[in-house]
Amino acid sequence: MPSRHRSRERALQILFLWDSRRQPVADAIDAYYDTLYSEEHPERDPFVADLVRGTVESVAEVDQQISKHAEHWRMERMPAVDRNILRLAVYEMSHGGTPAAVAIDEALELARRYSNEESVQFVNGVLDAIHRGLPQADPARTGGAGP
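Residues numbered from 1 in each chain as written. Predicted model: local features only at pLDDT ≥ 70, side-chain atom pairs only at ≥ 80, totals over all residues. Heavy atoms only, no water.

**Looking at the packing of helix α1 (residues 4–21) against helix α5 (residues 80–94)**
Contact pair α1 / α5: the axes reach a minimum separation of 9 Å and the direction vectors enclose 120°. Our classification of the angle between α1 and α5 gives oblique. Remark: the crossing between α1 and α5 carries right-handed chirality. Contacts from R8, A11, L12, L15, F16, W18 and D19 of α1 reach α5 at A80, V81, R83, N84, I85, R87, L88 and E92. Among the residues making up the contact of α1 with α5, the classes are represented as nine nonpolar, one polar and five charged. (Axes fitted to C-alpha atoms, helices over the stretch in contact; angles between N-to-C directions. Helix = DSSP H or I, 4+ residues; strand = E, 2+ residues; numbered from the N terminus. Parallel < 35°, antiparallel > 145°, perpendicular 65-115°, else oblique. Left-handed = near helix turned anticlockwise from the far one by under 90°. Contact = heavy atoms within 4.5 Å. Nonpolar A, V, L, I, M, F, W, Y, C, P; charged D, E, K, R; others polar.)

Printed below as a string of structure tokens:
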């Protein structure tokens with residue numbers, strides 16, 4: 001079974017594909033696996049599919065949260081990689097059961113790898129603002145320290 005980090009990388013790549021083609025999510029998942037090297041024959045990871053499907057099913061709500069906290073940035077004007085890193089992290093924080101600290105750290109790692117330093121700062125700022133606004137943002141749930 002792939003690591004959770006690798007699964008998130010794959011989910012980001014599929015979300016990017018879905019976002020650029022606006023095809024059904026199942027087709028985007030299939031297209032992703034079809035493009036991998038045939039020698040690799042990766043096992044389809046259920047965590048990847050859950051992340052992608054959940055993010056796409058919640059995209060209207062997730063995009064609304066991002067838009068609310070991404071001052072002076074419209075969703076369609078954001079770089080596609082950054083937009084989908086944010087979508088994945090917001091979905092995980094609000095619906096995926098992932099502690100916010102983990103979702104944010106993973107998003108920052110994805111931004112470092114697939115985007116640039118300005119994007120890392122942007123992603124961090126937006127996700128921190130969203131996290132502070134989530135109703136379940138209590139220190140015990142997120143792994144943070146109390147006051």
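Here the narrative resumes.
**Observations regarding the packing of helix α3 (residues 46–57) against α5**
For the pair α3 and α5, interaxial distance at closest approach is 9 Å and the crossing angle is 95°. As summarised for this structure, α3 and α5 are arranged roughly perpendicular, according to the angle between their axes. Along its contact with α3, which presents F47, D50, L51, G54 and T55, the element α5 presents R87, L88, Y91 and E92.

**A closer look at the nonpolar core**
Taken as a class, soluble globular proteins show a tendency for nonpolar side chains to be buried jointly. By size, the foremost hydrophobic cluster in this structure holds 46 residues, and its most contacted members are V52, I66, L86, M93, V123 and L127. At the level of secondary structure, the elements contributing two or more residues to this core comprise α1, α2 (25–35), α3, α4 (59–69), α5, α6 (100–114) and α7 (117–133). When neighbours within four sequence positions are excluded, V52 is seen to be in contact with A11, I14, L15, V25 and I29. (Core = buried A, V, L, I, M, F, W, Y, C linked by side-chain atoms within 4.5 Å. Buried < 20%, exposed > 50% of the residue type's maximum accessible area, 1.4 Å probe, protein only.)

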